[in-house]
Amino acid sequence: MRFNPLKASAQVLACLILVAITTAGAATPPPALPNPVLILLNVVPFQGNGKNMIRYNYAVFNSDAYPDTMFAAAPALPPCGTNKKASRTWVDLYDQSGRRLYGFCAFGKASDLNSIWFALEEDVIPPSWIYIEMNDRQTSTKYKSNLAETMP
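Structural notes, computed from the coordinates. (Residues numbered from 1 in each chain as written. Predicted model: local features only at pLDDT ≥ 70, side-chain atom pairs only at ≥ 80, totals over all residues. Heavy atoms only, no water.)

### Looking at the pairing of strand E2 (residues 51-60)
Regular strands show a simple pattern: their side chains alternate between the two faces of the sheet. To keep things clear, this is the line we draw: Note on exposure labels: buried denotes an accessible area under 20% of the residue type's maximum, exposed denotes more than 50%, and partly exposed covers the range between, all computed with a 1.4 Å probe on protein chains only. In this description a helix means any DSSP run of H or I spanning at least four residues, a strand means any run of E spanning at least two, and both kinds are numbered starting from the N terminus. Pairing between strands is defined by DSSP: at least two bridges between them are needed.
Taking burial as the measure, the ten residues of E2 include seven buried ones, the bulk of the element. The sheet contact formed by strand E1 (residues 38-48) and E2 spans ten bridges and is antiparallel. The partner of Gln47 across the bridge, within E2, is Asn52. Connecting E1 to the next strand, E2, in antiparallel fashion are two residues, including Asn49 with a positive phi near 55°. Of the pairings in the sheet, the one linking E2 to strand E5 (residues 116-121) comprises six bridges and is antiparallel in character. Opposite Ile54, over in E5, you have Leu120 as the bridge partner.

Written out as structure tokens, the structure reads:
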């Protein structure tokens, strides 16, 4: 049996074409979403349940990087208390040591990330820093933000 360079070249070319054809239709994964960038908007005193309180208002600077579908109602997933139409992605606020401060389980769209808050009684010293975790319950993916200050 003799080596035929023309036949070998044709076989290599055929293999390359076959690989190109079979991978051309392969789905590429969507680009990875960034971690949220949390920023303090303001600190507002208010009265709630007859107590003087302070509300710490935050926004996610890059909220437009997340699709609204991440916050759609997800009745097929476990409920949030009695809310059987809780959103697909839940948002929890934590202090710098990991203690949970508050959470949101019913956002309807990504822009709702710009109305994140927690409140403390007026005489309670706030944590120096907080962060959020967004838990996409459909994909089991968590997105953790930077640490954001609690004082303007």
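### Some details on the environment of Phe61
So the rule is basically this: Here a residue-residue contact requires only that any non-hydrogen atoms of the pair lie within 4.5 Å.
Here Phe61 lies in the loop between E2 and strand E3 (89-95). Sequence separation of Phe61 and Asn114 is 53 residues, and the distance between their C-alpha atoms is 7.8 Å. Setting aside anything within four residues of it in sequence, one finds Phe61 in contact with Val37 and Ile39.

### Things to note about the side chain of Ser145
For clarity, the cut-off: In protein, a polar contact means a hydrogen-donor-capable atom and an acceptor-capable atom, both N or O and within 3.5 Å, with residues adjacent in sequence counting only if both atoms are side-chain atoms; elsewhere, any N or O pair within 3.5 Å suffices.
Structurally, Ser145 can be placed in the loop between strand E7 (141-144) and strand E8 (148-149). With a relative accessible area of 9%, Ser145 lands in the buried category. Looking at Ser145, its side chain comes within polar contact range of the main-chain nitrogen of Ile132, at 2.9 Å. The residues contacting Ser145, other than those within four sequence positions of it, are Pro36, Leu38, Tyr131 and Ile132.

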